[in-house]
Amino acid sequence: MKAAAPIESSYDARCRRCTRLAAFLDQVKAEHPDYFCGPVPPFGDPSARFLIVGLAPGLHGANRTGRPFTGDWCGPLLYSSLYRYGFATRPESVSADDDLALLDCRITNAVKCLPPKNKPELSEIRTCTGYLAWELGHSKDVRVILALGTIAHQAVVEAFGLLRRDYPFGHHQRHRLPGQIVLFNSYHVSRYNTQTKRLTESMFHAVLGDVRGLLA
Ligand code: SF4
């Protein structure tokens, strides 16, 4: 079998390295021809100091609109909070072609393609971490990373070539990474977490407030 080419970019719109995910996207595209249904690109300032890493596109959210955290339940808390702390020009993200801009901030996902039942397999996370590793290795301005949820956190740790066991996830924890980069953790802004109050608005604001304080 021919070995996969090394990943040397932060994004490839035609990537089909994860065959299960590629087949699933084909299936969803057949059911929803107007959906984006591809690897969702990072969104925001290419030279941002603040990088947010989410898990993966949601079926009717980023997978539909083509912009991270846009179009479903996950977006409102994230974007309204980014606006509150000066990282966005507006408090909501409506579509990939609205005029929202992120300020000194960029959002990407650990897994760029929609996984069935929102659950990527470990091999898929590790494969897509190649894009994240390239992005981190070529983003010399990044000073603070916010990982939303355990999987995003572990992907960031592995993208730096570090061991997961040395960096346990914990909401509102912060970790020192190579290059003076600070990694913050937050519970994911998912529908489940916000509806069950596992993650409240004030809890998320406390994390973003600390990020803003560090970058001030
Ligand atoms: S999840 Fe990432 S590595 Fe896998 S097919 Fe999509 S873009 Fe490629």
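Residues numbered from 1 in each chain as written. Predicted model: local features only at pLDDT ≥ 70, side-chain atom pairs only at ≥ 80, totals over all residues. Heavy atoms only, no water.

S.K.: Mind laying out the nonpolar core, listing which residues take part and the relevant values?
M.R.: A general trend in soluble globular proteins is that nonpolar side chains are found buried together. If you look at the biggest cluster of nonpolar residues, it comprises 30 residues, and the most contacted ones within it are Val53, Leu132, Ile145, Val156, Leu177 and Leu183. Put simply, the parts of the chain that give this core at least two residues each are helix H1 (19–31), strand E2 (50–54), helix H4 (122–137), strand E4 (144–148), helix H5 (150–159) and strand E6 (181–186). Ranked by the residues each element gives to this core, the list is headed by H5, at five residues. Apart from residues no more than four positions distant in its own chain, leucine 177 is found in contact with Ile145, Val156, Phe160, Leu162, Tyr167 and Leu183. Among the nonpolar cores identified, the runner-up in size contains 28 residues, and Tyr79, Tyr85, Leu146 and Phe184 belong to it. (Core = buried A, V, L, I, M, F, W, Y, C linked by side-chain atoms within 4.5 Å. Buried < 20%, exposed > 50% of the residue type's maximum accessible area, 1.4 Å probe, protein only. Helix = DSSP H or I, 4+ residues; strand = E, 2+ residues; numbered from the N terminus. Contact = heavy atoms within 4.5 Å.)

S.K.: I'd like to hear about the pairing of strand E5 (residues 174–177), residue by residue, with values.
M.R.: Residues His175 and Leu177 point to one face of E5 and are all buried, whereas Arg174 and Arg176, pointing to the other face, are not buried. Sheet topology places E5 next to E6; four bridges connect them, and they run antiparallel. Along E6, the bridge assignment pairs histidine 175 with leucine 183. Here E5 hands over to E6 after three residues, with glycine 179 in that stretch at a positive phi of 80 degrees. (Pairing = 2+ DSSP bridges.)

S.K.: Can you lay out the site of the ligand for me, pointing to particular residues and giving the numbers?
M.R.: Lining the immediate surroundings of the ligand are Cys15, Arg16, Arg17, Cys18, Leu21, Pro39, Val111, Lys112, Cys113, Thr127, Cys128 and Tyr131. With respect to the detected pockets, the ligand is housed in the largest cavity. Take the shell around the ligand: its biggest share by element is three residues, from H4. Looking at the shell around the ligand residue by residue, the class counts come to eight nonpolar, one polar and three charged. (Near = heavy atom within 4 Å. 1 Å grid on protein atoms, 1.4 Å probe; cavity = no way out; pocket = protein on both sides within 12 Å on 5 of 7 lines; lining within 4 Å. Sits in = over half its atoms within 2 Å of the grid points. Nonpolar A, V, L, I, M, F, W, Y, C, P; charged D, E, K, R; others polar.)

S.K.: Mind laying out the packing of helix H3 (residues 75–84) against helix H7 (residues 201–215), listing which residues take part and the relevant values?
M.R.: Running from amino to carboxyl end, H3 crosses H7 at an angle of 45 degrees, the nearest separation of the two axes being 10 Å. When the axes of H3 and H7 are compared, the pair comes out oblique. When you trace H3 past H7, the crossing you get is right-handed. In this structure, H3 uses Leu77, Leu78, Ser81, Leu82 and Arg84 to contact H7, whose residues at the interface are Glu201, Phe204, His205 and Leu208. (Axes fitted to C-alpha atoms, helices over the stretch in contact; angles between N-to-C directions. Parallel < 35°, antiparallel > 145°, perpendicular 65-115°, else oblique. Left-handed = near helix turned anticlockwise from the far one by under 90°.)

S.K.: Describe the layout of surface pockets, and please don't skip the residues or the numbers.
M.R.: Considering only enclosed or pocket space, the largest pocket measures out at about 660 Å³ in volume. Forming the boundary of the largest pocket are 27 residues, of which Leu55, Cys74, Asn118, His188 and Ser190 lie nearest the centre. Along the lines of polarity and charge, the residues of the lining of the largest pocket split into 15 nonpolar, nine polar and three charged. Of the volumes computed, that of the second largest pocket is approximately 160 Å³. Forming the boundary of the second largest pocket are Ala133, Leu136, Gly137, Ser139, Lys140, Val142, Arg143, Ala159, Phe160, Gly179 and Ile181. Taken together, the residues of the lining of the second largest pocket break down into six nonpolar, three polar and two charged. (Points joined across faces, edges and corners; volume = space filled by probe spheres on them.)

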